[in-house]
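Breakdown of the fold
What follows is each chain in one-letter form.
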Amino acid sequence: MSFSLYDATIPSNLQILRSLDALLDKAEAFCSEGGQEPDAILDAKIADDMLPFGYQVKSCVAHSLGAVEATRKGSFSPDMKPWPDSFAGLHAAVRSAIEALEKLDPADVDALVDSDTEFRFGETVMPFTGANFLLSFAQPNFYFHATTAYAILRAKGVKIGKRDFLGMPRIKR
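Cut-offs used in this document
Residues numbered from 1 in each chain as written. Predicted model: local features only at pLDDT ≥ 70, side-chain atom pairs only at ≥ 80, totals over all residues. Heavy atoms only, no water. Helix = DSSP H or I, 4+ residues; strand = E, 2+ residues; numbered from the N terminus. Buried < 20%, exposed > 50% of the residue type's maximum accessible area, 1.4 Å probe, protein only. Contact = heavy atoms within 4.5 Å. Salt bridge = Lys/Arg side-chain N within 4 Å of Asp/Glu carboxyl O. Phe/Tyr/Trp six-rings, centres within 6.5 Å; stacked < 30°, edge-to-face > 60°. Pairing = 2+ DSSP bridges.

Focus on the side chain of His145
Looking at where His145 falls in the secondary structure, it is placed in helix H7 (residues 130-156). Classification of His145 as buried rests on a relative accessible area of 7%. Excluding residues within four positions of it along the chain, His145 makes contact with Tyr55, Gln56, Ser59, Cys60 and His63.

A few points about the pattern of salt bridges
Throughout the structure, instances matching the rule amount to six salt bridges. Two residues, Lys26 and Asp164, come together in a salt bridge whose shortest N-O distance is 2.8 Å. One end of the pair, Lys26, is in helix H1 (residues 5-34); the other, Asp164, is in helix H8 (residues 162-166), with 138 residues separating them in the sequence. You can call Lys26 partly exposed: its relative accessible area is 35%. Across the pair Lys58 and Asp79 runs a salt bridge whose closest N-O atoms are separated by 3.8 Å.

Here's the deal with the packing of aromatic side chains
Taken as a whole, this structure holds ten aromatic pairs when the rule is applied. Judged by centre distance (5.5 Å) and plane angle (80°), the ring pair of Tyr55 and Trp83 falls under edge-to-face. Here Tyr55 is found in helix H3 (residues 53-62), whereas its partner Trp83 is found in the loop between strand S1 (75-76) and helix H5 (87-102), with 28 residues between them in sequence. Here Phe128 and Phe137 contribute two aromatic rings whose centre-to-centre distance is 5.8 Å and whose plane-to-plane angle is 50°, an arrangement assigned as tilted. Across this residue pair, the class does not change: Phe128 and Phe137 are buried. Through a chain of ring-to-ring contacts, three or more aromatic side chains come together here, namely Phe76, Phe119, Phe128, Phe133 and Phe137.

Some remarks on the sheet that holds strand S3 (residues 124-129)
Reading across the sheet, the three strands line up as S1-S2-S3 and stay open at both edges, with mixed pairing between neighbours. Since the sheet does not close on itself, it has two edges, and those belong to S1 and S3, each with one partner. Pairing between S1 and strand S2 (residues 116-121): two bridges, direction parallel. Opposite Ser75, over in S2, you have Glu118 as the bridge partner.

The structure is reproduced here in structure tokens:
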């Protein structure tokens, strides 16, 4: 079997982004049913020196669709713009990424394997091939932020479990 960069990244991004979208629904319902302000979740952190839930969700978009777009351009830098400050805004960002990822042509993603891609942040410049950037930098960051968003919801008392994080696995049919 030959290596497919598309198969190694995009289906898993879609799986977790869809589960993240469902987690947003559960978080919103948790606030509504419990009489809590949405900011109790949106601004929640695991530790004081970490960024809040809204940033974690935004970063999942940045390290999935944003990473593919950056690989096409040859350069990725962290998006320093503010993250959405509402459940509706986070849903819109996640759903927009899902829609765009669903439209990607696998051959176009596979063509990025050997492309030059840099990570740039301040004085830091890290050179990658497209495959190494997506698999060794973007993908671990994607899962880190998705896991952190999930952990924040659990810590705040949202009734979710492992199946909520996993979403719909791609089982044999």
